[in-house]
Amino acid sequence: MLRRLEIGAFGGPEQIRLVEEARLPQPGEGEVRIRVEASSLVFTDMLIRRNLYPVLKLRLPLTPGYDFVGRIEALGSGVSRWRVGDRVADLTQIGGNATHLVRTAASLVAVPQGVNAIQAEPLILSYMTAWQALFREAKAQPGDQVLIYGASGAVGLAALDLCRAFGLPAVGVASARREPVVEGLGATFVAYDTADPAGPLDRLTRDLGGFKVILDAARGETLSSVMARLAPGGRLVALGFSAPFRTAYKAGGEQPGLLARLRFGYDFLRIKWLSHRPNAAVSFYDIASCRRQHPQWFQEDLSSLFNLLEAGRITPRIQRVFGLGDAVEAHRLIEAGQVEGRLVLAPGLPIGGDPYVSPGDNAAKTTLHQQRHPG
């Protein structure tokens, strides 16, 4: 049986419903059917649910889920690279929140058999964004000073984890209550919600001679102010489209006001213009656009991230695991800004056992037991 989440009307979390279908989808030529082990529960899924994600033209009804990790259980004709039982991952943008789905075989990336699916899922969107921003866009080198705005979000924490793994001294900007998690990843912490949030950054910029890499997932300071913190030869990477929406939700609004949208649009156009200048110091990064332009990068980089996870060099921060029946609660937590790290959806049990929990992973076992046996 296929079980999946469905959004029948754009709006709040109450628009999500669980759908069950007796027949499983069948793969066509060049396709495979996958039993999903883990998929996304992220802020971008919330924007899609509210039809506020500018890069997708959405049609209802739809199944959310920006990515997935799963196991192949059926092959369509003409598929030679994959075998039944192989573990794979992909970036879907929509459709991942289901027990089963069909994907084009050529788009899939191999997942090591030994990694925990719950730990692997954040690598596809959050860690890939951080990785490509750091190493593809900014070309960070060991020892480079890195400044991360929005350091306590999913991408920010992924970037801090990668900085720790690769010897990049980092400064993380987040709200004051996030200090423990940012410092726990070895970064210097700066709070943005103080009486003088710019003062500490000004002093660090002066003392360090600027930052070689700046990742901005928050857009709290003006573009000119952020660029002024770059070291000579440094690089600023602005991340994605969600920052103005996050700011609006923190202020109690459903979407950014007119002035905020105009500022975002102006900054976006300015970034795109600056990025085309010789020796550009600024660029705009969007994971889906980057994948379309450089599909081989996606394959190579996600494989590298899986290898880092398998080697224990990175540790995604998982706050909670949800089943399909608890997705509404997960979306409410996301909208309330009560997520530190990542939420992950575990749609169902696969054939032959439980891939979500590796042997000895007692914390994950406890979480999954509580999800399946509340009370």
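Before reading on, note that the structure itself is shown above.
Residues numbered from 1 in each chain as written. Predicted model: local features only at pLDDT ≥ 70, side-chain atom pairs only at ≥ 80, totals over all residues. Heavy atoms only, no water.

### Here's the deal with the side chain of His331
Positionally, His331 belongs in helix H12 (residues 327-335). Among the residues examined, His331 registers a relative accessible area of 0% and is labelled buried. Side-chain polar atoms of His331 contact the side chain of Arg49, separated by 2.9 Å. Apart from residues no more than four positions distant in its own chain, His331 is found in contact with Pro13, Ile16, Leu41, Asp45, Met46 and Arg49. (Helix = DSSP H or I, 4+ residues; strand = E, 2+ residues; numbered from the N terminus. Buried < 20%, exposed > 50% of the residue type's maximum accessible area, 1.4 Å probe, protein only. Polar contact = N/O pair within 3.5 Å; in protein donor to acceptor, adjacent residues only side chain to side chain. Contact = heavy atoms within 4.5 Å.)

### A short note on the nonpolar core
In terms of nonpolar packing, the biggest core is built from 81 residues, with Leu160, Leu162, Leu302, Leu305 and Ile314 touching the most fellow members. In terms of residue count, helix H3 (residues 122-137) provides more of this core than any other element does, 9 residues in total. In this view, Leu302 contacts Ala89, Val109, Leu123, Ile124, Met128 and Trp297; residues no more than four positions away in its chain are not counted. Counting 16 residues, the second-largest nonpolar core is a separate cluster that includes Tyr149, Val173, Leu201 and Ile214. (Core = buried A, V, L, I, M, F, W, Y, C linked by side-chain atoms within 4.5 Å.)

### Brief notes about the pattern of salt bridges
Considering all chains together, one arrives at 21 salt bridges under this definition. Glu20 is the partner of Arg3 in a salt bridge, and the nearest nitrogen-oxygen pair spans 3.2 Å. Of this pair, Arg3 sits in strand E1 (residues 2-7) while Glu20 sits in strand E2 (residues 16-21); the two residues are 17 residues apart in sequence, bridging distant segments of the chain. Residue Arg17 is joined to Glu6 by a salt bridge in which the shortest nitrogen-to-oxygen separation is 2.5 Å. Highlighted residues: Arg17 in strand E2 and Glu6 in strand E1, separated in sequence by 11 residues. Relative accessible area serves as the criterion here: at 47%, Arg17 is assigned to the partly exposed category. The network of salt bridges with shared partners includes Arg4, Glu6, Arg17 and Glu21. (Salt bridge = Lys/Arg side-chain N within 4 Å of Asp/Glu carboxyl O.)

### So, the pairing of strand E3 (residues 31-41)
Among the 11 residues that make up E3, 9 are buried, leaving the element largely enclosed by the rest of the structure. Of the strand pairs in this sheet, E3 and strand E15 (residues 342-345) are connected by 3 bridges, and their pairing is antiparallel. Counterpart to Ser39 in the pairing with E15 is Leu345. (Pairing = 2+ DSSP bridges.)

### Here's the deal with the environment of Ala159
Relative to the elements of secondary structure, Ala159 occurs in helix H4 (residues 154-165). Residue classification places Ala159 among the buried positions, given a relative accessible area of 1%. Ignoring any residue separated from it by four or fewer positions in sequence, one finds Ala159 in contact with Ala130, Leu134, Ile148 and Leu215.

### Quick notes on unusual backbone geometry
The step from Leu60 to Pro61 runs through a cis peptide bond, and the omega angle for that step is -5 degrees. Position of Pro61 among the secondary structure elements: in the loop between helix H1 (43-49) and strand E4 (67-75). With phi around 70 degrees, Gln93 is a residue other than glycine that occupies positive phi space. Of note, Gln93 is situated in the loop between strand E5 (87-91) and strand E6 (100-104). Phi angles above zero are rare outside glycine, and Lys139 is one such case at about 55 degrees. The residue Lys139 is located in the loop between H3 and strand E8 (146-149) in this model. The exposure class of Lys139 is exposed, given its relative accessible area of 56%.

### Notes on the packing of aromatic side chains
Taken as a whole and assessed by the stated rule, the structure comprises 4 aromatic pairs. Ring centres of Trp131 and Phe166 lie 5.7 Å apart, and the angle between their planes is 75 degrees; on these two criteria the pair is classed as edge-to-face. Of this pair, Trp131 sits in helix H3 while Phe166 sits in the loop between H4 and strand E9 (170-174), and the two are 35 residues apart along the sequence. Overall, Trp131 belongs to the buried group, its relative accessible area being 11%. (Phe/Tyr/Trp six-rings, centres within 6.5 Å; stacked < 30°, edge-to-face > 60°.)

As far as function goes, none of this settles anything; it's purely spatial.
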